[in-house]
Amino acid sequence: MGCDRNCGLVTGAVIGAVVALFGGILMPVGDMLIEKTIKKELVLEEGTIAFKNWVKAGANVYRQFWIFDVQNPEEVAVNSSKIKVKQRGPYTYRVRYLAKDIISQDSKTHTVSFQRPKGAIFEPSLSVGTENDTFTVLNLAVAATPHLYPSTFVQIILNVFIKNSNSFMFQKRTLKELLWGYKDPFLSSVPYSIPTTVGVFYPYNNTADGVYKVFNGKDDISKVARIDTYKGKKHLSYWPSYCGMINGTDGATFPPFIEKNRVLQFFSADICRSFYAVFGAEINLKGIPVYRFVLPSRIFASPLQNPDNHCFCTEKIISKGCTLYGVLDISKCKEGKPVYISLPHFLHASPEIAELIEGLSPNEEEHSTYLDVEPITGFTLQFAQRMQINILVKPAKNIVALKDLKHNYLVPILWLNETATIADEKAEIFRNQVTGKINLLGLIEMILMSVGAVMFIAFTISYCACRLKNAK
């Protein structure tokens, strides 16, 4: 009887040890299987989950606009007063709804090439008004004239056409005209062959961005979706090579297995440069744990604080020797037009930048950029990319519309928020196929180890107690 009991206790302890050992073995084996499956499904080639969502966005992407409506145009033009603006919006468009096209795989370099068609569909239900709403905004053609044509003689000639076309420093334009283009009366009156259509995003609809060439991850998953070349180049030709390098992905996805200390790099063709984001917080998005990466204020720092921004400071007088921060000059990639980008309402900018503008209210929560990335797959499940478009206006004594100005103005035109969030049904599929299975495997591992350990300890203690009792 004592032998049977001792044998049973020993057997129980052995079984517990085996169960605990199996749970321990299952951890690296299970992780290896998960890693293998994820690496296979993240390759950008026909038949994978990643490729399907990469070709066409898996969530609706919206671009919201807020227009800065100028309240005192005459005062500014005549007296060089502060510009009073009133923000109006959002006006919402659906973008990135067209699938990538001209897709071509290169098995030798493990890259895939493509173009990204552009289109924007107005969403009335998500907007405060219509595309025909009218705003008082800067006259884009008049403001750009001194920058594009610095010659006094040319300015005097162009001033005749500005006066004859009744063009002024400010103008009234509809939302549709301002964003997507309109025939400018001043430019249309010039008897030379020059572009006459003007718009903040003109041309946009029915155009394509690219060609992009990105790594497909077939040979090295740590390079998946990273841009190799854009329009056949590894760096943007209008910047020096040390400033114009094209780094990272397009922001929709990143190489998998992301650690919190990783810096995520992404490229934006709209603003002609690469950016980076750093870890900000760990949050729960519709039941999915994600890492929130944010754009640090250093991105818009002065060249003295961030040497990477040296190329984006070309105006030494207005920038006070490149000591001011918060805006980037991208005129070189906008055909010389005086376009500056910043965060909305000049968030994180030098106070001097906005001292001639009234009506701004920078807010970290509403105006910062972030990406919510699922760390195992590298998929961006939610993002908000926020940016403000500004035009530099200088006094010009040879142009009647600008001759009374006494200050250099950095005039905010609009700010935008391009945003998307994984849909509820897609989130459920993601939980079931990815996070749910990983969590289940982890739970099984912990149960096996815990149960096995408890069994081993319990039976071992019982066996020792039984031996001690028999010895007495």
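Residues numbered from 1 in each chain as written. Predicted model: local features only at pLDDT ≥ 70, side-chain atom pairs only at ≥ 80, totals over all residues. Heavy atoms only, no water.

- If you check an unreviewed UniProt entry, the chain appears there as Platelet glycoprotein 4 from Bos indicus.

Some details on the packing of aromatic side chains
Stage number 1. Applying the stated criterion to the full structure yields 19 aromatic pairs.
Stage number 2. Arranged with centres 6.0 Å apart and planes meeting at 45°, the rings of W180 and F201 form a pair that is tilted. Here the residue W180 occupies a position in helix α6 (residues 175–180), and F201 occupies one in the loop between β9 (197–198) and β10 (208–215), the gap between them amounting to 21 residues.
Stage number 3. The buried category is assigned to W180, whose relative accessible area is 13%.
Stage number 4. A network of ring pairs unites the aromatic residues F51, W54, F114, Y212, Y230 and F267 as a single cluster.
Stage number 5. Taking the ring centre of F201 as reference, the NZ or CZ of R63 above it sits at 5.6 Å.
Stage number 6. Sitting over the ring of Y370, R292 keeps its end group 3.8 Å from the ring centre. (Phe/Tyr/Trp six-rings, centres within 6.5 Å; stacked < 30°, edge-to-face > 60°. Helix = DSSP H or I, 4+ residues; strand = E, 2+ residues; numbered from the N terminus. Buried < 20%, exposed > 50% of the residue type's maximum accessible area, 1.4 Å probe, protein only. Lys NZ or Arg CZ within 6 Å of the ring centre and 35° of its normal.)

Remarks on empty space enclosed by the protein
To find the voids left in a structure, one rolls a probe of water-molecule size over its atoms.
Stage number 1. Evaluated as defined, the whole model comprises three cavities of 30 Å³ or more.
Stage number 2. Counted as a void, the largest cavity has a volume near 80 Å³.
Stage number 3. Considering the residues around the largest cavity, the lining is formed by F266, I271, F275, L295, F300, I341, L343, T369, Q385, R386 and M387.
Stage number 4. Of the residues forming the lining of the largest cavity, the biggest block, three residues, is contributed by strand β19 (residues 380–393).
Stage number 5. Grouping the constituent residues of the lining of the largest cavity by class yields eight nonpolar, two polar and one charged. (1 Å grid on protein atoms, 1.4 Å probe; cavity = no way out; pocket = protein on both sides within 12 Å on 5 of 7 lines; lining within 4 Å. Points joined across faces, edges and corners; volume = space filled by probe spheres on them. Nonpolar A, V, L, I, M, F, W, Y, C, P; charged D, E, K, R; others polar.)

Examining the environment of Y97
Stage number 1. Within the secondary structure, Y97 is located in the loop between β2 (83–95) and β3 (101–106).
Stage number 2. Once the C-alpha coordinates of Y97 and G119 are considered, the two residues, 22 residues apart in sequence, prove to be 7.5 Å apart.
Stage number 3. Setting aside chain neighbours within four positions, we find Y97 in contact with K56, G119, A120 and I121. (Contact = heavy atoms within 4.5 Å.)

Overview of helix α4 (residues 140–148)
Counting along an α-helix, one turn takes 3.6 residues, and residues three or four places apart therefore face a common direction.
Stage number 1. Most of α4 is tucked away, with seven of its nine residues classed as buried.
Stage number 2. Of the positions making up α4, those classed as buried are L140, A141, V142, A143, A144, T145 and P146.

A closer look at the layout of surface pockets
Stage number 1. Computed from the structure, the second largest pocket encloses a volume of approximately 440 Å³.
Stage number 2. Forming the boundary of the second largest pocket are 27 residues, of which I318, S319, L324, I353 and L410 lie nearest the centre.
Stage number 3. Counting only elements with at least two residues in the lining of the second largest pocket, the list comes to β15 (327–329) and β20 (409–421).
Stage number 4. Take the lining of the second largest pocket: its biggest share by element is three residues, from β15.
Stage number 5. Residue composition of the lining of the second largest pocket, by class: 17 nonpolar, five polar and five charged.

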